[in-house]
Amino acid sequence: MKEKLDAIRKEAIQKMEQADTLDKLNEIRVAYLGKKGELTEVLKGMKDVSKEDRPKVGALVNDTRNALESKLESVRAKLTLKVREAKMKAEVIDVTLPAKKNNMGHSHPNTVALEEIERIFVGMGYEVVEGPEVEYDYYNFEALNIPANHPAKDEQDTFYVNDKIVLRTQTSPVQVRIMEQGKLPIRVIAPGRVFRSDEVDATHSPSFHQIEGLVIDKGVTFADLKGTLAQWAVEMFGPETKVKFRPHHFPFTEPSAEVDVTCFKCGGKGCRMCKGSGWIEILGCGMVHPKVLKMSGINPDEYSGFAFGLGLERIALLKYEIDDMRLLYDNDIRFLKQF
Ligand SMILES: [Zn+2]
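Rules behind the numbers
- Residues numbered from 1 in each chain as written.
- Predicted model: local features only at pLDDT ≥ 70, side-chain atom pairs only at ≥ 80, totals over all residues.
- UniProt positions renumbered as here; feature names shortened; annotations may be inferred.
- Helix = DSSP H or I, 4+ residues; strand = E, 2+ residues; numbered from the N terminus.
- Buried ≥ 20, exposed ≤ 12 C-beta atoms within 10 Å, placed from the backbone.
- Contact = placed C-beta atoms within 7 Å.
- Axes fitted to C-alpha atoms, helices over the stretch in contact; angles between N-to-C directions.
- Parallel < 35°, antiparallel > 145°, perpendicular 65-115°, else oblique.
- Nonpolar A, V, L, I, M, F, W, Y, C, P; charged D, E, K, R; others polar.
- Left-handed = near helix turned anticlockwise from the far one by under 90°.

1. Details of the UniProt feature "binding site: Mg(2+)" (unreviewed entry) in the protein
Part 1 of the reasoning: Here, the residues flagged by UniProt with the feature "binding site: Mg(2+)" (unreviewed entry) are Glu-254.
Part 2 of the reasoning: Of note, Glu-254 is situated in strand 7 (residues 253-262).
Part 3 of the reasoning: By C-beta crowding, Glu-254 is classed as partly exposed, having 15 other C-beta atoms within 10 Å.
Part 4 of the reasoning: Excluding residues that lie within four positions of it along the chain, Glu-254 makes contacts with Gly-286, Met-287 and His-289.

Here is the structure:
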């Protein structure tokens, strides 16, 4: 019995020392110490050992088991360390390698122009508000003093969803919705997408963006409108910028004007961009029509106000000297990367 145990111990330890992976070590453990392992088989033979020899043999078996288990533990620790070292070596990071460059995008020219305009007006105390793009005919036309037979409602210009609902042709309905809330005074700008049934060309698109401004308070005059837009033009296009108001007609304002700014390319001398005139047409504006105030529940004898509206794309095209509006929507990365 003793020789048999010694032989098992010697053989097992030798095999363990040769094991070079944890899997192989585990196979050896099962072969000797497992349920059907060699040492267990020896224990099964204990019943044939005489009663007086049993304690001695039992001690020998335990001794062998302990020896094998402690050897197993030490080899396992060694192999585990080896595996970890190999893993560390494989995962080593070379900090001197050049970094991978992320492809960062940036804001679209429209967004850049919008954020610039919003920044200026918010700085003057305006609030930025938004309204629905699918709008009631009433808000888009009637409440803005554009009655049913007005040519602006023509199917040529307007996408009708049904008799009462349209894709808004301007951001002005937002003004009506704000006035109807009845909180006075009002000082807001309303940027957003608008829709016209236009063919696509260098200066037209069926979908584009407007920004409208509205101020309603007691004692607001045309001088306030002029001062506000002159200050905006200076901040937007540079300190030398002057504004010019030309009389115009809009149904929802009275009096109304179109506003030109001195050409920011030539400073007013005349160039290709301003077609030699020195001026660039930039927006429409006027004093809110008393009828519009009345329709929105505001007393025109007590309150007055002004409104203005400009095309965002036009500002972006001018600011970046882009000569075709379609380029803004083509999503050509080579084009967009320039701004
Ligand atoms: Zn010019």
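That shown, we press on.
2. Re the packing of helix 2 (residues 22-33) against helix 4 (residues 54-90)
Part 1 of the reasoning: Running from amino to carboxyl end, helix 2 crosses helix 4 at an angle of 170°, the nearest separation of the two axes being 10 Å. Relative to helix 4, the element helix 2 lies roughly antiparallel. Facing helix 2, whose interface residues are Leu-22, Leu-25, Arg-29, Tyr-32 and Leu-33, helix 4 presents Arg-65, Leu-68, Leu-72, Val-75, Arg-76, Leu-79, Thr-80 and Val-83.
Part 2 of the reasoning: Looking at the contact of helix 2 with helix 4, its residues break down into nine nonpolar, one polar and three charged.

3. Digging into the packing of helix 1 (residues 2-18) against helix 2
Part 1 of the reasoning: Between helix 1 and helix 2, the least distance of the axes is 10 Å, while the angle of their chain directions is 165°. Comparing their axes, helix 2 and helix 1 come out roughly antiparallel. Crossing handedness for the pair helix 1 and helix 2: right-handed. For the pair helix 1 and helix 2, the contacting residues are Ile-8, Ala-12, Lys-15 and Met-16 in the first and Leu-25, Ile-28 and Tyr-32 in the second.

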